[in-house]
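# Descriptive structure summary
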Amino acid sequence: MTLLQLSRIGKQFGGLCALSEVSLHIQKGEIYGLIGPNGAGKTTLFNIITGLYQASSGEFQFNGNNYHATQPHLLAKAGIARTFQNIRLFANLTALENVMIGRHVRTRAGVLGALLRDKKTLAEERAINARAHELLKYVDIPARTVAKHLSYGEQRRLEIARALATDPLLLALDEPAAGMNATETASLKALLQQIRDGGITLFLIEHDVKLILGLCDRVAVLDYGKKIAEGTPEAVRNDPAVIDAYLGHAHEP
Amino acid sequence: MQNAPEKRLHKLLHSRSFWVCALLLLPFATDALLGHGWVRILDFAMLYIMLALGLNIVIGYAGLLDLGYIAFFAVGAYCYALTGSPHLATAFPLSIEGGVHWPFWVVLPFAALLAGGFGILLGAPTLRLRGDYLAIVTLGFGEIIRIFLNNLNAPVNLTNGPQGISRIDPVSIANLHLNVTQPLFGMEIPSVHLYFYLFLSFTWLVILASKRLEKSRIGRAWMAIREDEIAAAAMGINTRNLKLLAFAMGAAFGGASGALFAGFQGFVSPESFSLMESIMILCMVVLGGMGNIAGVILGGVLLAILPEMLRHSVIPLQQGLFGKIIVDPESLRMLLFGGALIVMMLYRPAGLLPSRVRRRELGSDEMAEKP
Ligand SMILES: Nc1ncnc2c1ncn2[C@@H]1O[C@H](COP(=O)(O)OP(=O)(O)OP(=O)(O)O)[C@@H](O)[C@H]1O
Ligand SMILES: [Mg+2]
């Protein structure tokens, strides 16, 4: 079953064409990789499917619903969660608070509940707390540590835990291994596989070729905003257009 | 190791009944030691604390800088002034004989709701603004309300302009009017004491509400918006609605305090709602410790009481030293106030009693939270 289907997505920033006519589809349960040189438009594509940017043209379908212009919180509710390339945790809050905030979209208590603290609200609050602790244990992060005091690798894992707290169908990860050493990357790989085995579809931007090869079922390659290749990691690796994009031109890898 | 008396003191300071007794006795002690006027000052301090706590929701929790907060206080105050005084009868002599005189307890929730509505009115067009820009717009909003109050005496005399509205009904509980001395429990309790207890109970309610909001799903969403609005939205928080909610909640607390103020004073006029008052309340929040309830209360108490102490000490002091008054207390107050702000920003930027989050933000507790 197709979970996410992009149809001819384009994005213009003034004169700059960051994405043009990008179409792809992601099946439920797969790990789909997105690679490409710097400035290819990968993050821009993530921003569009999470509602932070509006596509200039085209639309996408997620879990059976069409989206063209929409708001981030609606897409989070629909089941797309993400992490950010330049980590965006709630830096001054504890790890626990960060993950608890992730539960917002799946819980209901409003002002009245907060003020009256009725049974239902208290039960919900306990459930939020329990789930947050569970997720923190899952990614192995101490609950009471302030987010900005965590190591780089821990911060990346905390962002994943926070995203998982929204009970996503699709988890979009923007360069989750960036800045990690080899051991950290290996444990990240295990974590991502575990998440996929838990039934969550992964959409992954990554520069680490080994990680892409070892993890992804399919990979798409963007270059200058266009999709130039798609297929199994092995096939893509040997695609001359891809080799050209990475090595043939003058732009930085 | 603590020795026994120290331990006992510690226990005393942490017992609820001690504080309740102390606060109940406070107006009597103040009256006996300093005189009646000071109990009145305490009453105002309570109002300021309520206002500061209301503003703390907007700025401390949700991180929205609001420089026109006093406008909501004004909305609440005029709401009760109009419905609880004969003024409307002079404005519309044919339709309302002698004014409407709605009871305070009916108007209070209405005043809070109306102020909350004004909060949304202010919030809606400013949703996309942050920081300085938001501050400027809210500042303008506060002034607009004040100017309206000043000028809405023609063509229909709705607010009575700069003269203000007087003869507002006092607050009464059942048949107990709070504007006169009442015999209670075999004691004569003066009006200012009665109002003190009334305001104390309301302050307690506002503290309770603030505390509960802070540790709730809504409070966490506000914190998330304050920390990183984009990440908050990506986590599924409807940032627009939650910002409006913060404006509305803060404004509703301001409106309720305003109604209390009108009932207490019996008189309101636009000059009580100047920009300076907004700034005062903001300073209470910032000096005390933004986002921390105890800090905000401390800020409110200090800034409400210190200027009065100054007023009462500077004149006799100058008279005694120089035989005449060289610096008038009002300008001295502004001078000291400005100086205090600068010193605070240099040495304790997170406030006197900072919230743990602000402390982390300003980096004065490196790793302190690490277990
Ligand atoms: N908000 C924006 N305004 C203007 N231009 C933008 C904006 N966001 C991205 N761009 C431009 O769009 C292009 C694609 O950027 P994008 O961040 O999507 O690249 P990327 O593939 O994620 O690169 P990297 O591997 O470096 O993260 C770049 O040229 C970038 O400068
Ligand atoms: Mg990128």
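Structure shown above.
Residues numbered from 1 in each chain as written. Chains lettered and ligands numbered in written order. Predicted model: local features only at pLDDT ≥ 70, side-chain atom pairs only at ≥ 80, totals over all residues. Heavy atoms only, no water.

What follows concerns the sheet that holds strand 3 (residues 31–35) of chain A. Residue and element names in this part refer to chain A. The strand order across the open sheet formed by six strands is 6-7-8-3-9-10, and the pairing between neighbours is mixed. Each edge of the open sheet is held by one strand with a lone partner, namely strand 6 (80–82) and strand 10 (226–231). Each strand of the sheet is rotated relative to its neighbour by a mean of 20°, with strand direction disregarded. The pairing of strand 6 with strand 7 (residues 170–174) spans three bridges and is classified as parallel. Directly across from Ala81, in strand 7, lies its bridge partner Leu171. Along the sheet face, helix 1 (residues 42–49) touches strand 3, strand 6, strand 7, strand 8 (201–205) and strand 9 (218–223) and points at about 145° away from the line of strand 8. Strands in contact with helix 6 (residues 152–164) are strand 6 and strand 7; relative to strand 7, the strand with the most contacts, it is inclined by about 160°. (Pairing = 2+ DSSP bridges. Helix = DSSP H or I, 4+ residues; strand = E, 2+ residues; numbered from the N terminus. Axes fitted to C-alpha atoms, helices over the stretch in contact; angles between N-to-C directions. Contact = heavy atoms within 4.5 Å.)

This next bit is on the sheet that holds strand 2 (residues 16–27) of chain A. Residue and element names in this part refer to chain A. Sheet architecture is open: four strands sit in the order 2-1-4-5, paired in antiparallel fashion. Each edge of the open sheet is held by one strand with a lone partner, namely strand 2 and strand 5 (65–67). Strand-to-strand twist across the sheet, computed as the mean angle between neighbouring axes with direction ignored, equals 20°. Pairing of strand 1 (residues 2–13) with strand 4 (residues 57–62) involves five bridges; the strand directions are antiparallel. When the sheet's bridge partners are listed, Ser7 is paired in strand 4 with Glu59.

Turning our attention to the site of ligand 1. All names here are of chain A. For ligand 1, the set of nearby residues contains 14 residues, the closest of which are Asn38, Lys42, Thr43, Thr44 and Gln85. Take Lys42: an N or O atom from its side chain is 2.8 Å from an oxygen atom of ligand 1. Here ligand 1 loses 65% of its free accessible area of 630 Å² to cover by the protein chains. Those elements giving two or more residues to the shell around ligand 1 turn out to be strand 2 and helix 1. When residues in the shell around ligand 1 are grouped by element, the largest group, three residues, is from helix 1. Looking at the shell around ligand 1, its residues break down into five nonpolar, seven polar and two charged. (Near = heavy atom within 4 Å. Polar contact = N/O pair within 3.5 Å; in protein donor to acceptor, adjacent residues only side chain to side chain. Areas by Shrake-Rupley, 256 points an atom, 1.4 Å probe, with all protein chains shown as cover. Nonpolar A, V, L, I, M, F, W, Y, C, P; charged D, E, K, R; others polar.)

Another aspect to go through is the coordination of the magnesium ion (ligand 2). Residues and elements named next belong to chain A. Around the magnesium ion (ligand 2), the protein contributes the donor atoms Thr43 (OG1) and Gln85 (OE1), at 1.9 to 2.0 Å from the metal centre. You can see Thr43 sitting in helix 1 and its partner Gln85 sitting in the loop between strand 6 and helix 3 (95–102), a full 42 residues away along the chain. A residue is classified by how much of its surface remains accessible, and Gln85, at 31% relative accessible area, is partly exposed. (Donors = N, O, S within 2.8 Å, 3.2 Å for Na, K, Ca; no water. Buried < 20%, exposed > 50% of the residue type's maximum accessible area, 1.4 Å probe, protein only.)

So, on to the layout of surface pockets. All names here are of chain B. Of the volumes computed, that of the largest pocket is approximately 1,400 Å³. Taken together, 41 residues form the lining of the largest pocket, with Trp204, Ile207, Lys211, Ile293 and Ile297 sitting closest to its centre. Breaking the lining of the largest pocket down by element, the ones donating at least two residues are helix 2 (16–34), helix 3 (36–61), helix 8 (191–214), helix 9 (217–227), helix 13 (293–322) and helix 15 (356–361). Among the elements that line the lining of the largest pocket, the one with the most residues is helix 8, at 10 residues. (1 Å grid on protein atoms, 1.4 Å probe; cavity = no way out; pocket = protein on both sides within 12 Å on 5 of 7 lines; lining within 4 Å. Points joined across faces, edges and corners; volume = space filled by probe spheres on them.)

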